[in-house]
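The chain contents come next:
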Amino acid sequence: MSSIPLASQHELFDLPSDVSYLNCAYQSPKLRRSIAVAESELHRTLRPWTISSGDFFAPAEKLRDAFARLIDAEPGDIAIVPSVSYGITIAAANLPLDAGDHIVVLSEQFPSNRYAWSELVRQTGSRLTVVDRPVEGTWTDRIVDQIDDTCAITALPGVHWTDGYRLDLDTISKKCRASGSALVLDLTQSLGVIPFSVRETEVDFVSVASYKWLLGPLGLSFLYVNPKHHQGQPIEHGWLGRHGSEDFSRLVDYTDRYQPGARRFDAGERTNNALIAGATCALEQILDWGTDRIQHYLGELVARIAANAGQRGLNCTPTEARAPHLLGIELPADKIAPIAAALAEEKVYVSIRGNKLRVAPYLYNSRSDVDRLFEIMDRNL
Ligand SMILES: Cc1ncc(COP(=O)(O)O)c(C=O)c1O
């Protein structure tokens, strides 16, 4: 990986010149090359006799390897799942929780990392501790204060999905270890931009959707499983995760044994090689660019967006907790609808989350996209 700063990667995507897509937190445009490899895999399904039993395993191993490299894990620590909610459900099914315990989550956390915990506390008679956004001080400090000896599980994102408020996961992980709490993370809105290593930050489970900052397809997500949970219970009982499933002639030699590592947690029919090929191609591109360089490029754009918002007296995600790639700009209530409509009219794409305009650039964006955003906002503020 080079240390030369990245230039715009606009030509690798298919964005028309009159579109300013500042909404990667919603769904990334795909790399042209990812779509080409996915299409070629889809075409193979016209002729299933060209698909061998090996094709049910080798591409998935390549994908596991690419994702593992991104978080400093081993390929065998990675399960391939269809969604973050599926991954979090596996975590919830494999972490002990007693009636006197509690689970720490953030307020307005993305639902895929919330409903499984609400259900678990209902079943066990325990409780959820919802940590509100701070008025003063940092959200990390407020979370750390709530992780005590009765906190069995801490379930958090890396950044808040509505405005990129960033948590200090290292500090939270250390507090979890000291208090005996399991740590479960949803890194959908940060991995691919903010570096994360399971060697540096101890964690029990990490679930990540691929279709945002990993530039992958919908329907394919990842679950990192700490080796201490590799003997856990999958939430479905398919054939692929069982020992010896490579030999299709002996699938009814039923067995209680599983494939090694986290593979037992793979979802059924994870063998959709069009999705796998597209996701692998995108991950390899991200590994090649390097998250440090991606972070640097996006950090400059987000700093420019924040400075522009500040000049207009608009509040943003606090500087000290701001993610390098995702920013919430607070708007006056009566301006939200007209600004959203004007931006859409001019093909500047962002999201509205609550009273905030969520702006999420990527490597296909440049300063001119930021300038267009504020030109249109100025006409409507
Ligand atoms: C933080 C976060 N997690 C997860 C998801 C997607 O969840 P799932 O894969 O369960 O649909 C999103 C989508 O917006 C998200 O923002």
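Residue numbering note: each chain is counted from 1, following its sequence as written. In view of the model being predicted, local features appear only for residues whose pLDDT reaches at least 70, and side-chain atom pairs are presented and counted only at 80 or more, with totals across whole chains, interfaces and linings using the full set of residues. Side-chain numbers here rest on the full set of heavy atoms in the structure, without hydrogens or water.

Draft legend 1. Geometry of the sheet that holds strand β11 (residues 351-353). Reading across the sheet, the three strands line up as β9-β12-β11 and stay open at both edges, with antiparallel pairing between neighbours. Each having just a single partner strand, β9 (327-330) and β11 make up the two edges of the open sheet. Averaged over all pairs of adjacent strands, the angle between their axes in this sheet comes to 35°, without regard to strand direction. Two elements, β9 and strand β12 (residues 356-359), share four bridges in a ladder whose sense is antiparallel. Pairing of Leu 327 across the sheet is with Val 359, part of β12. We call two strands paired when DSSP finds no fewer than two bridges between them. Strands are runs of DSSP state E lasting at least 2 residues, helices are runs of H or I lasting at least 4, and numbering of each runs from the N terminus. To obtain an axis, a line is fitted to C-alpha atoms, over the contacting stretch when the element is a helix, and the angle between two such axes runs from 0 to 180 degrees between their N-to-C directions.

Draft legend 2. Expanded view of the sheet that holds strand β8 (residues 221-225). Taken together, seven strands build an open sheet; the order of strands is β2-β8-β7-β6-β5-β3-β4 and the sheet is mixed. Two strands in the sheet have a free side with no partner beyond their single neighbour: β2 (78-81) and β4 (127-131). Neighbour-to-neighbour, the strand axes of the sheet open up by a mean angle of 20°, direction not taken into account. Each of β5 (151-157) and β6 (182-186) is contacted by helix α6 (residues 169-179), which is oriented at about 155° to β6, the strand it contacts most. Any two residues whose heavy atoms approach within 4.5 Å are treated as being in contact.

Draft legend 3. Summary view of the pairing of β4. Note: strand β3 (residues 102-106) against β4, five bridges, orientation parallel. Within the sheet, the bridge partner assigned to Val 104 lies in β4 and is Thr 129. Taking the sense of rotation as the criterion, the β-α-β connection linking β3, helix α4 (residues 115-124) and β4 turns out right-handed. Whether a crossover is right-handed depends on one test, that the path from the first strand over the helix to the second runs clockwise when the strands point away from the viewer.

Draft legend 4. Just the packing of aromatic side chains, in detail. Any two of the Phe, Tyr and Trp rings considered here, Trp counted by its six-membered ring, make a pair once their centres fall within 6.5 Å; the pair's planes then place it as stacked at under 30 degrees, edge-to-face at over 60, or tilted in between. Under the counting rule described, the total for this entry stands at 13 aromatic pairs. Their ring planes at 80° and their centres at 6.4 Å tell us that Phe 13 and Tyr 362 sit as a pair that is edge-to-face. You can see Phe 13 sitting in the segment before β1 (20-21) and its partner Tyr 362 sitting in the loop between β12 and α10 (367-380), a full 349 residues away along the chain. With respect to burial, Phe 13 and Tyr 362 carry one shared label: buried. Between Trp 239 and Phe 248, the aromatic rings sit 5.5 Å apart at their centres with planes inclined by 85°, giving edge-to-face as the arrangement. Here Trp 239 falls in the partly exposed class, since its relative accessible area comes to 38%. Through successive ring pairs, a cluster of aromatic residues spans Phe 13, Tyr 21, Trp 213, Trp 289, Tyr 349, Tyr 362 and Tyr 364. Each residue gets one of three labels from its accessible area relative to the maximum for its type: buried under 20%, exposed over 50%, partly exposed in between, using a 1.4 Å probe on protein chains only.

Draft legend 5. Quick peek at the site of the ligand. As a structural note, the neighbourhood of the ligand is formed by Ser 83, Val 84, Ser 85, Phe 110, Ser 112, Trp 161, Asp 186, Thr 188, Gln 189, Tyr 211 and Lys 212. Interatomic distance of 3.0 Å between a backbone N/O atom of Ser 85 and an oxygen atom of the ligand. If the ligand stood free it would expose 400 Å²; the protein chains cover 86% of that surface. Throughout, the ten residues Ala, Val, Leu, Ile, Met, Phe, Trp, Tyr, Cys and Pro are labelled nonpolar, Asp, Glu, Lys and Arg are labelled charged, and all others, Gly among them, are labelled polar. Of the residues belonging to the shell around the ligand, the class tally is four nonpolar, five polar and two charged. Residues are counted as near a molecule or strand when any one of their heavy atoms sits within 4 Å of it. Residues adjacent in sequence count toward polar contacts only when both atoms are side-chain atoms; beyond that, a polar contact is any pair of N or O atoms within 3.5 Å, and within protein one must be able to donate a hydrogen and the other to accept it. Areas reported as accessible are Shrake-Rupley estimates using a 1.4 Å probe. Residue values count occlusion only from the protein chains shown.

Draft legend 6. The arrangement of the nonpolar core in detail. The criterion is simple. A nonpolar core is a set of buried Ala, Val, Leu, Ile, Met, Phe, Trp, Tyr and Cys residues joined through side-chain atoms within 4.5 Å. Grouped together as the largest cluster of nonpolar side chains are 90 residues, with contacts concentrated most on Ile 143, Phe 196, Trp 289, Ile 329, Leu 357, Tyr 362 and Leu 373. Sort the elements by how many residues they give to this core and helix α8 (residues 291-311) lands first, with eight residues. Ignoring any residue separated from it by four or fewer positions in sequence, one finds Phe 196 in contact with Leu 70, Ile 71, Leu 169, Leu 185, Leu 187, Leu 191, Thr 201, Val 203 and Val 206. In terms of nonpolar packing, the next biggest core, distinct from the first, is built from 28 residues, Val 84, Ile 90, Trp 117 and Leu 223 among them.

Draft legend 7. View of α10. The terminal C-alpha atoms of α10, which comprises 14 residues, lie 20 Å apart, in line with the 20 Å expected from a rise of 1.5 Å per residue. Asp 369, Val 370, Leu 373, Phe 374, Ile 376 and Met 377 are the residues of α10 that are buried. Viewed end-on, α10 has its buried residues packed into an arc of 160°, placing them on one side of the element. Facing away from the buried side of α10 by over 90 degrees, the exposed positions are Arg 367 and Arg 379. Each element contacted by the buried residues of α10 is listed here: β1, α8, β9, α9 (333-345), β10 (348-349) and β12. Helix span, expected: 1.5 Å multiplied by one less than the number of residues in the helix. The arc in question is the one spanned by the directions pointing from the helix axis to the C-beta atoms.

Draft legend 8. Broad picture of the pattern of salt bridges. Salt bridge, as applied in this entry: a Lys or Arg side-chain nitrogen positioned within 4 Å of an Asp or Glu carboxyl oxygen. For the coordinates displayed, the defined rule picks out 21 salt bridges. A salt bridge links Asp 55 to Arg 44; the nearest nitrogen and oxygen atoms lie 2.9 Å apart. Taken together, the positions of Asp 55 in the loop between α1 (32-44) and α2 (58-71) and Arg 44 in helix α1 put the pair eleven residues apart, joining distant regions of the chain. Here Asp 266 makes a salt bridge to Arg 64, at a shortest N to O gap of 2.9 Å. A residue pair is termed long-range when its members are at least 10 positions apart, and Asp 266 in the loop between β8 and α7 (273-289) and Arg 64 in helix α2 qualify at 202 residues. The structure contains a network of salt bridges with shared partners spanning Glu 61, Arg 64, Arg 263, Asp 266 and Arg 270.

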